[in-house]
Every structure is written in structure tokens, then in C-alpha cells.
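Observations on the three-dimensional arrangement
Chain by chain, the residues:
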Amino acid sequence: MTKKKDLIFSLILLAAAIVLVAVLDRTLPQTGIIMTVLKKGCIYSLVAVSMNLLNGFTGLFSLGQAGFMLIGGYTYAILTIPAADRASVYQYFDGGIVQFSIPFWAGLICAGLVSAALAWLIGLPVLRLKSDYLAIATLGFAEIMRAFFQWDTLGPLTNGSNMLRKYPSFTTLMFPFIVAAICIALIVMLINSSFGRAFKAIRDDEIAAEAMGINLAHHKRMSFCISSFFAGVGGALLAMYQTTIQAQAFKSNMTYEILLIVVIGGLGSVTGSVVATFLFYAASEWWLRFLDSPLVIGNFQVPLLRSGFRKVVFSVVIMLIVLFARQGIMGDHEFSLSGLMKLFRRKRKEASAK
Amino acid sequence: MDFWSKNLPYLLAGVSVGGQYALIAIGYTMVYGILRLINFAHGDIFMVAGLVTIYASTVMPLYLSIPLTILVTVILGMLIERVAYKPLRNSPRMSVMISAIGVSYLLQNLALYITGGLAQVYPTIPFISNTVTIGSATTKVVTILTPILMIVLVVLLIQLINHTKIGMAMRSVSTDFETSRLMGINVNRVISMTFIIGSFLAAVGSILYFTNYPSVIPTSGGMPGLKAFVAAVFGGIGSIPGAVIGAMLIGIVENLIKGAGWTTFSDAFTFVLLIIVLLFKPTGLFGEAATDKV
């Protein structure tokens, strides 16, 4: 019964969010600070959840997310630039070799598929590694991708180290919200299926999982490919949001940021990742902005406040969370009605016990 | 003959860069040997050392600023271990690694704040910045000095590890953490010592490395750090001679690739090497095979 209640509660929340997004789209300026936070929040929460699927639910410590976002973003951009604009985008490469374009939705799906396909390929060798070796190998893979996409010889396809632009993008918040919501819903459904439970079994104890008849190699590969699929879609959304894309920007620091978001939200909690993403971008882009501008109260110049201080404070907060609140916001729990009720009941009990 | 005269400058640069990577790689390999931790912040400690030299040399002469750089770097390395890694000693290895990534993020943002996002011009250090001509190549003295200094330091370090009490404690802790503790070895002191040595070598490496570059930016440490780590893995993590050989190889091949006109791939090569090594000899050239106990 509680499961059904929880589902209804989640659906109501989702419906409320859709209405809220529709209202915000009509009332707020599209380039305002709040919109930036919300749009980035939607895009990165998808990427964070995809990373959590791998790191938090399957226990595969991968640091290749930026690489897969790069592949997704580039696939989307390459396939969807209108044929008429190709000559101007690929001006150094005679209009490039791709001379057709596909609609944006097909581009998004292709972005995911190409990412997943490459993940399958790289997974063949890399997934045999364990813990930190896997981390460093996937990090290396992301760096190789970054170099590869900037290679001049591939210029007719990737435009070398020049940026890609003029592909279809979005202006409303509704678009990234809906895409991210659908993808995250798919991930949640996967996690709750028997297939997803196998992932969790692998995370908790590989040897026990294998003894229970779970095909380790197959499940690890699937988790890696599925995670990369959604990272690819996230990369495509990011490309749409930025309206231009350049391989140079997909550094390992991007992966680190996403990893920190996942850790703040709680490894193994989808809702945690989503909440943490919005908090992360709200804090770094909006709430802590004041730290970046000098402030004078009366005759007193508040010390330390100048450009860049925001990021310092921010990273100190992150370190504190990593050190002292290791469970993150949600631990490995999910946000739900029954969870909320339990929390209230416990609070009340504590209050009456006093 | 033609090959030699054409590639000599790149070869020299490779040997030099390799020596600098080796100095960083030793820090990685020692920390990994003892704590089983990829110290992601090590590359950033290296970058901070570069910045300290820059700021110190604006207010004091070089013979003071260089020792100061080394001192500050060593203290920083120790401090990071105390604050960010020690509280997590009994947590899963991944938590410590995440903490290391957090420290790296913090150091970069701190550097960004202090420098104001501007590239800081590295001071010209007399003597080692002078140019010399060897055969067909013109290069700086630092190119010749790096491998020599590196070898001297490595020999000293190996003496320290093989013939002193603290060295013996280090070997013992890296073999078996728990048993060493039971045997009365002060594990925390050994770990601090490891970080001191690692940071010291990183500081020396940074002085040699940045002399070849015009300036330091907050992300300067990232790439050399990762490459040095790959060098450590290649040589077999935990093995100091292995790290040196791995670093030399990466430095030389990387520069030969640059010489062949494939600059875009000089960084990617390192990671291709990493993936190949991990596949065919996961424990590296000189690493000991590890077995998983159920």
C-alpha cells in the first residue's frame, strides 16, 4: 500500500513541477540567473544520476563522464547542424563531410547511442580493472577522447579544435526539464527492476553476487553502457544549452565536479543526486555570488571579498561535507512520502520522549 | 645520422621532462604504496609550489625563496594528509580518493582566487636558465641538470628507504599496515614522512619543470600530475625505480611524438600507454602481484 501511495505522491510532485516550470517559463526572463541555475540543474542532474547509476548503484568507480558527455554533445551537434549552415560552420574544412541533418530528437537519441557504443568498446578492456585502476583508466579514456576530437585530420567531421555551432538548441526551461525527467524516470525504473537489483548486488559484494548466478561481466558492461547513454544525452543537452560546443572544455575537472555532486547527494540515491545538483548550481551561480564582489559597510571594507572567493568558500564547504557528512544529503535513501512520514513520526517520538 | 640531428632536441627535452615527471611520480608511488590512495591532489601541490616560488621571489632573493618554496610545499603536503586523509583512515578507499579529488578542487580554486585568474610569470632562475649547445641542439642548463639531480635524489631516497630506521618502517607499513601497527610502528609518523618526501620531491620538480615554461596557471599541475601517476602505474605502483623508468619513458616518447608533429596526441599517448599496461600487466613492470582474498 505504501508503495502505491509513494508512487502517487511522486506523480503529484512531478505534475506540480511541470506546472511550476510552465509558469516560470512565462514569467521569468530566459537568460536570468534563476533560469541559468534551473537549466543547468536539469542538465547536470541527468548526468549526475547517470554517474550515480555507475558509481553509487553498481559500485564501478568510473571517472569518464566528461568523455561521454563530449561524445554525446559532438554527436548531437555534428548530426543536427542544418545542411545550409554547414559551409559556414566548417569553413576551414570545405563544409565538412556530413551533408545531411536529422531532427533534434533523433540527434538526442543518436548522442546517447554513440556514447553507449563507445562505452561498450572501451568497456571490453577497461571493465576488467578494479576500483582505483578503473577510475584512472576511464579518466584517461576521457582525456584521449578530448585529444581525438581536436585532431585536425578528423576536421571534416569534428571541425578540429574549432567550435561547432548553429545546431538546433532550446530556449525554454520546459525542454531540458522534460528530457531529463524522462531519462531519470527510465533510470529509476531500471534500478527498481530485477536487472537493477543485480547491479546493487554487485556493488555490495561481487563474489556473493557471482555465486548467486549474476553474470558479472554482462551486468557491469550493461551498467557502463546505460550510464554512458544518459551521459551522452546529458552532453547533448549541455551542447544545446551552450549553443556552441568545443572539445577543449570537457576537462577532467568537469568529471570531478559531477562526482562531488553525486557524493554530496549521497552515493546510491537518485533523488539525492538531483537535489544536490540544484543546490550545487544554485550555490555556485547564485547564492554565493555576493562573495565575488567587494562589499563596503560604512567605512569598513569587508576583507577577502573579490572575484574567485565564492569558489574558495564553495570548495571548503564541499570538503567539509566530504569529511564530516560522508553520507551526503540522502545517504542511500530516496525521497518519498513514506520516508517523509517516518521522519516526522521519529521527530514526534523524540519530542514526546523528552 | 639525420634522425639523430633532427630528434636530438626532442630527445633532450624528453629526458628532462621525464626526470621532472619522475620526481612527481615518486610522490604518487610512495603514497600509494603505503595508503593505497591515488593522491589526486599531488599535481596541485606541485602547482602550488610553482606559485609559491613566484610570489616569494618577488620579495626576496632566490637563495631564500627556493628553500622557502620547498618548506611551504612540505608543510602543505603534511597538512593535507592530516586534515583530509587522516580522519578517513578507517573508511572505504573510495572515500579517501573522493577527499583527494576535493582537495585538488580546493587547491585549484584557492590558486584561482589568489592569482586572480591571471597567469603568473615564472621568475628566471640564473644559471639553470642559461642556454647551452649540445650537438645540434640548443637548450637550457636545466635540461642537463634535471636527470642528474633526479638520479642523485633517487639514490639518496633509496638509501634512506633501505638503510634507515624510518625507511624500514616505511617498507614494513607498505607490506602490511595492520601488522606494522601491532609491532609498535608509529604508522602516522611514517605516513607523514611519506608525504614530506613526496612533497619535497614535487617542490624540486616544480622548480625544474616551470623553468621551462613562461608562467603558472591554477590548472598547470593537472596534466603533469596525471602523467606522473601513469608513470608510477607503468613502473609498478609502490616501486621507486619503476616510477623513474616509467616517467623517463613517458617524457621521451611524448616529446618524440611532438617532434613528429602530432602535438594533439602527445597527452593522449600517456593514457593509451596506461590502458595498455593495465590490460596486459596490471601490476606494472616491477609491481608485485596482488591476490584478492575472499
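Residues numbered from 1 in each chain as written. Chains lettered and ligands numbered in written order. Predicted model: local features only at pLDDT ≥ 70, side-chain atom pairs only at ≥ 80, totals over all residues. Heavy atoms only, no water.

Our focus in this paragraph is a nonpolar patch on the surface. A surface patch of nonpolar side chains, amounting to about 720 Å² of accessible area, comprises Leu-7, Leu-11, Leu-14, Ile-18, Ile-178, Ile-182, Leu-186 and Met-189 of chain A. Looking at the nonpolar patch, the elements that each hand over two or more residues are helix H1 (2-27) and helix H8 (174-192) of chain A. (Patch = residues over 30% accessible without salt bridge, like charges linked within 9 Å, V, L, I, M, F, W, Y side chains within 5 Å. Areas by Shrake-Rupley, 256 points an atom, 1.4 Å probe, with all protein chains shown as cover. Salt bridge = Lys/Arg side-chain N within 4 Å of Asp/Glu carboxyl O. Helix = DSSP H or I, 4+ residues; strand = E, 2+ residues; numbered from the N terminus.)

Further remarks concern the confidence of the model for chain A. Here chain A shows a mean pLDDT of 86. Residues at 70 or above account for 99%. Summarising per-element confidence for chain A, the mean pLDDT is lowest in strand S4 (residues 300-301) of chain A (71) and highest in helix H11 (residues 216-242) of chain A (94). (pLDDT = per-residue confidence, 0-100.)

With their axes 10 Å apart at the nearest point, helix H12 (residues 252-265) of chain A and helix H4 (residues 93-115) of chain B run at an angle of 125° to one another. In terms of axis orientation, H12 of chain A runs oblique to H4 of chain B. Considering how the two elements wind past one another, H12 of chain A and H4 of chain B form a crossing that is left-handed. The residues of H4 of chain B that touch H12 of chain A, namely those facing Asn-253, Tyr-256, Glu-257, Leu-259, Leu-260 and Val-263 of chain A, are Ile-98, Ile-101, Gly-102, Ser-104, Tyr-105 and Gln-108 of chain B. (Axes fitted to C-alpha atoms, helices over the stretch in contact; angles between N-to-C directions. Parallel < 35°, antiparallel > 145°, perpendicular 65-115°, else oblique. Left-handed = near helix turned anticlockwise from the far one by under 90°. Contact = heavy atoms within 4.5 Å.)

This part covers the interface of chain A and chain B. How big an interface is tends to be reported as the loss of accessible area on association of its parts. With 49 residues of chain A at the interface, the matching set in chain B holds 44 residues. Of the roughly 4,000 Å² buried between chain A and chain B, counting both surfaces, carbon and sulfur atoms make up 77%. When residues of chain A are sorted by the area they lose upon contact with chain B, Asp-132, Tyr-133 and Ile-136 of chain A head the list and together hold 16% of the total. Where chain A packs against chain B, one counts zero salt bridges. If you look at where chain A meets chain B, you find three residue pairs in polar contact (both at pLDDT 80 or more). Elements with a minimum of two residues in the side of chain A that touches chain B: helix H5 (104-126), helix H6 (131-149), H12 and helix H14 (309-324) of chain A. Examining the composition of the side of chain A that touches chain B, we find that 14 residues originate from one element, H6 of chain A, more than from any other. Of the residues contributing to the side of chain A that touches chain B, the split by class is 33 nonpolar, seven polar and nine charged. (Buried area = accessible area lost by both parts, 1.4 Å probe. Polar contact = N/O pair within 3.5 Å; in protein donor to acceptor, adjacent residues only side chain to side chain. Nonpolar A, V, L, I, M, F, W, Y, C, P; charged D, E, K, R; others polar.)

Attention now moves to helix H3 (residues 62-85) of chain B. The end-to-end C-alpha distance of H3 of chain B is 33 Å, a good match for the 34 Å that 24 residues give at a rise of 1.5 Å each. Within H3 of chain B, the full set of buried residues consists of Ser-65, Thr-69, Ile-70, Thr-73, Val-74, Leu-76, Gly-77, Ile-80, Glu-81, Ala-84 and Tyr-85 of chain B. Against the buried residues of H3 of chain B lie H14 of chain A together with helix H2 (42-59), H4 and helix H8 (187-211) of chain B. (Expected span 1.5 Å × (residues − 1). Buried < 20%, exposed > 50% of the residue type's maximum accessible area, 1.4 Å probe, protein only.)

We now examine a positive patch on the surface. All names here are of chain A. The grouping of Lys-5, Lys-342, Arg-345, Arg-348 and Lys-349 at the surface amounts to a positive patch. Counting residues per element, the positive patch draws most heavily on helix H15 (residues 337-353), at four residues. Structurally, Lys-349 is set in helix H15. For Lys-349, a relative accessible area of 62% puts it in the exposed group. (Lys, Arg positive; Asp, Glu negative; His and termini not counted. Charge placed at Lys NZ, Arg CZ, Asp CG, Glu CD.)

Right, let's talk about the side chain of Thr-58 of chain A for a bit. Residue and element names in this part refer to chain A. With respect to the helices, strands and loops of the structure, Thr-58 is situated in the loop between helix H2 (33-57) and helix H3 (65-80). Of note is the side chain of Thr-58, whose polar atom sits 2.7 Å from the side chain of Ser-223. Setting aside residues up to four positions removed in sequence, Thr-58 forms contacts with Leu-53, Phe-199, Ile-202, Arg-203 and Ser-223.

With that settled, consider the packing of aromatic side chains. Scanning the model with the defined rule gives 23 aromatic pairs over all chains in all. Where Trp-286 of chain A meets Trp-287 of chain A, the ring centres are 6.0 Å apart and the plane angle is 35°; that geometry is what we call tilted. Exposure remark for Trp-286 of chain A: the relative accessible area of 36% places this residue in the partly exposed category. Exposure remark for Trp-287 of chain A: the relative accessible area of 46% places this residue in the partly exposed category. Through pairs of rings, three or more aromatic residues link up here, namely Phe-46, Tyr-122, Tyr-209, Phe-210 and Tyr-213 of chain B. (Phe/Tyr/Trp six-rings, centres within 6.5 Å; stacked < 30°, edge-to-face > 60°.)

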